[in-house]
Amino acid sequence: MRIEPRRIVSRASITLLSIAILIFAWAGFSRMFGIPDLVPSPWQTFAVGREMLLNGTLMTHVAISLERVLVGYIAGCIAGIVIGALMGRIPLIGRLADPMLQLVRPISPVALVPLSIIWFGIGDLSKYFIIFYAVVIIMIISTAAGVTSTPMIRLNAARCLGASPWQMLRRVVLPSAVPSILTGMRVALGFAFMGIVAAELIAAQSGIGYLIMQSRTLLRTDIMFVGLVTLGILGALLDGCFKVAVDRTMRRYMEHQVNV
Amino acid sequence: MTKPASDGDRSAGRGARRIDWRVLALDDVSLTFNAGKANEYRALRNATLRIERGEFYCLLGPSGCGKSTILNLVAGFLRPDSGAIHLDDREILGPGTDRVVVFQDASNALMPWLRASENVEFGLSLQGLPKATSTKRAIQYLDLVGLADHARKFPYELSGGMKQRCQLARALVLEPQVLLMDEPFAALDAITKRIMQKELVRIWRQYRTTVVYITHDVEEALLLGQRIGIMKRGPGSSLKREIVLAEPYPRNITDRAIAAAYVEAEASLEEEVGATLHAH
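The rules behind these values
Residues numbered from 1 in each chain as written. Chains lettered and ligands numbered in written order. Predicted model: local features only at pLDDT ≥ 70, side-chain atom pairs only at ≥ 80, totals over all residues. Helix = DSSP H or I, 4+ residues; strand = E, 2+ residues; numbered from the N terminus. Buried ≥ 20, exposed ≤ 12 C-beta atoms within 10 Å, placed from the backbone. Contact = placed C-beta atoms within 7 Å. pLDDT = per-residue confidence, 0-100. Domains from an automatic or database assignment. Nonpolar A, V, L, I, M, F, W, Y, C, P; charged D, E, K, R; others polar. Axes fitted to C-alpha atoms, helices over the stretch in contact; angles between N-to-C directions. Parallel < 35°, antiparallel > 145°, perpendicular 65-115°, else oblique. Left-handed = near helix turned anticlockwise from the far one by under 90°. Pairing = 2+ DSSP bridges. Core = buried A, V, L, I, M, F, W, Y, C linked by C-beta atoms within 7 Å.

## Observations concerning the environment of A106 of chain B
All names here are of chain B.
So, step 1. Summarising the element assignment, A106 is placed in helix 2 (residues 106-109).
So, step 2. On the basis of neighbour counts, which here come to 24 C-beta atoms within 10 Å, the residue A106 falls in the buried class.
So, step 3. With 167 residues separating them along the chain, A106 and V273 place their C-alpha atoms 29 Å apart.
So, step 4. In this structure A106 touches K163, Q164 and Q167, once residues within four positions along its chain are discounted.

What follows is the structure in structure tokens.
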């Protein structure tokens, strides 16, 4: 797998160009608006951001939000894969759970924020809950879809090769569902990021959402923009890490699966 | 000329072989799909069939005649509505490693995330055999089917013929009593198909398992089978007649006995297809 140097250069330069266009569009928008207090320019934002990086406040909030995202995300992924696999493998459970899922699915995580504060308080627990909820629904659906789409011939092949029900699940069904599960995990990561801000906006004393909300009372739009930019960078970075990790470890499951 | 296998003299030698048996029998087997629904289909009606141990048996019939249904019944994927399937006096109630299937659709039948050697090891690893043992045996069987040089390739890197060799090795490594083959070469090009047929005969004679081979190709059935069972058309199919061919291998379709059998089988099949045409 060698990529020509020239192609790397051009790919990197296109990425840079894309980011540059975004920043200049933002700068143009800010200038057009004319009131820096409403739409701070990129340079203003970067200056404040740098200051906040240096005095450590930004990192504190980032660390707190990230911890909440990861706890809720990992728990949601594990629960979603287990429930989704059960639904996909045991028809009775699948048929029983599906209507529930269809009813619960349209309820946005944001709609649960007030309730989760009453249930779990304004601490970390209510944030974990919101993110868990956002992630688990997606993971149940994508895992169940992957599990049920395992080709019948592959299941029959494994049966005559002597697979027990447990070996069937672990050695045939789950590997067949990997592409679907990983796609779900990637989508869910994005939803986890949307969920954390929603949870932190309303009742929190830390985190990036809190940072954005708190700046409102001070009319500090520049800090708000620092929060937004941080969210963007963090999300893109995690997504990139996810992609690389999948590529490194899951390649044989991702390529050339003929199902679906 | 081959004779039925006499005893467990397989080269690999994994200790005592399973109970000896003589006859694989379907007795008065009937099966209806989607019973009671709008798309109800009576596939088999009182089908009776006897296959002897060590035999190469071809089941030949027009599409939709229920020959794959018979294979799925013997494999244990399906259960009959009435009648029974026995290996001697042991009734077949579900799938087992004594009856391994080679499917036509190799891309789905093989595990796409496993290398050729890992696919062959798959059944052994399910039994909890030590890795070193199963790897050794996998290599031995990859060698038997002529795939040793491609052991590290993934299925998508193998040609259609190679994939079927891989499936064959994956089945044979378990030393099954009966090898069930469901139109395994139907999707291959003509030349590859011919090569694979020769290879299969070679492997069968070396390995001496019982083969039940499903096909709709008259020529293929006559080149491979010691006995050829011709099925009636569906619905409610059963065995129509059998042709016994004691000709030695390798066979050629222009050999006199084979050519005569060809005319006979073709006429018999045409009757079935013709009846279908008139019925519509």
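Still more ground to cover, so stick around.
## Notes on the confidence of the model for chain B
So, step 1. Put simply, chain B has an average pLDDT of 87, and 91% of its residues get 70 or more.
So, step 2. Residue range residues 1-17 of chain B is modelled with pLDDT below 50. Its contacts to residues more than four positions away, or to other chains, number 15 contacts.

## Some details on the domain arrangement of chain B
Many descriptions give the size of an interface as the accessible area lost when the pieces come together.
Residues and elements named next belong to chain B.
So, step 1. Here chain B is partitioned into domain 1 (23-98 + 176-279) and domain 2 (110-175).
So, step 2. Here the C-alpha centroids of domain 1 and domain 2 sit 26 Å apart.
So, step 3. Of the residues lining the interface, 13 residues belong to domain 1; the matching set on domain 2 comes to 12 residues.
So, step 4. In terms of residue count, the dominant contributor to the side of domain 1 that touches domain 2 is helix 6 (residues 190-207) (6 residues).
So, step 5. Residue composition of the side of domain 1 that touches domain 2, grouped by class: 10 nonpolar, 2 polar and 1 charged.

## Looking at the packing of helix 5 (residues 160-172) of chain B against helix 6 of chain B
Residue and element names in this part refer to chain B.
So, step 1. Two numbers describe how helix 5 lies on helix 6: the axes approach to 10 Å, and their chain directions differ by 15°. Relative to helix 6, the element helix 5 is oriented roughly parallel. Relative to helix 6, helix 5 is oriented so that their crossing is right-handed. The residues of helix 6 that touch helix 5, namely those facing G160, G161, Q164, L168 and L172, are T192, I195, M196, I203 and Y207.
So, step 2. Partitioned by chemical class, the residues of the contact of helix 5 with helix 6 number 6 nonpolar, 4 polar and no charged.

## Some words on the sheet that holds strand 6 (residues 99-102) of chain B
Residue and element names in this part refer to chain B.
So, step 1. In space, the 6 strands of this open sheet follow the order 6-7-8-3-9-10, with mixed pairing throughout. With partners counted over all chains shown, the strands left at the sheet margins are strand 6 and strand 10 (239-244), one partner each. For this sheet, the mean inter-axis angle between neighbouring strands, taken without regard to orientation, is 20°.
So, step 2. Strand direction decides the pairing type here: strand 3 (residues 56-60) and strand 9 (residues 227-231), joined by 4 bridges, are parallel. When the bridges of strand 9 are listed, L59 appears paired with G229.
So, step 3. Here helix 1 (residues 67-75) sits on the sheet and contacts strand 3, strand 6, strand 7 (178-182), strand 8 (210-215) and strand 9; the angle it forms with strand 7, its principal contact strand, is near 150°.

## Observations concerning the interface of chain B and chain A
So, step 1. Each partner contributes to the interface: chain B provides 21 residues, whereas chain A provides 17 residues.
So, step 2. For the side of chain B that touches chain A, the secondary-structure elements that each account for two or more residues are strand 6, helix 2 and helix 3 (116-126) of chain B.
So, step 3. Looking at the side of chain B that touches chain A residue by residue, the classes come out as 14 nonpolar, 5 polar and 2 charged.

## Description of the nonpolar core
So, step 1. Judged by nonpolar contacts, the single largest core of 134 residues is most densely connected at V135 of chain A together with V74, A169 and V212 of chain B.
So, step 2. The element contributing the most residues to this core is helix 6 (residues 124-148) of chain A, with 15 residues.
So, step 3. There are two domains that each give this core at least three residues, and those are domain 1 (23-98 + 176-279) and domain 2 (110-175) of chain B.
So, step 4. Leaving out residues up to four positions away in the same chain, V135 of chain A has contacts with G72, Y73, G76, C77, G80, A188, F191 and A192 of chain A.

## Re unusual backbone geometry
Keep in mind that most residues, glycine aside, have a negative phi and that most peptide bonds are trans.
So, step 1. In this chain, Y249 of chain B is followed by P250 of chain B through a cis amide linkage whose omega measures -5°.
So, step 2. Structurally, the position occupied by P250 of chain B is in the loop between strand 10 and helix 8 (256-279).
So, step 3. You will see that L219 of chain A, though not glycine, has its phi angle at about 55°, which is positive.
So, step 4. Tracing the chain through its elements places L219 of chain A in the loop between helix 9 (208-217) and helix 10 (221-249).

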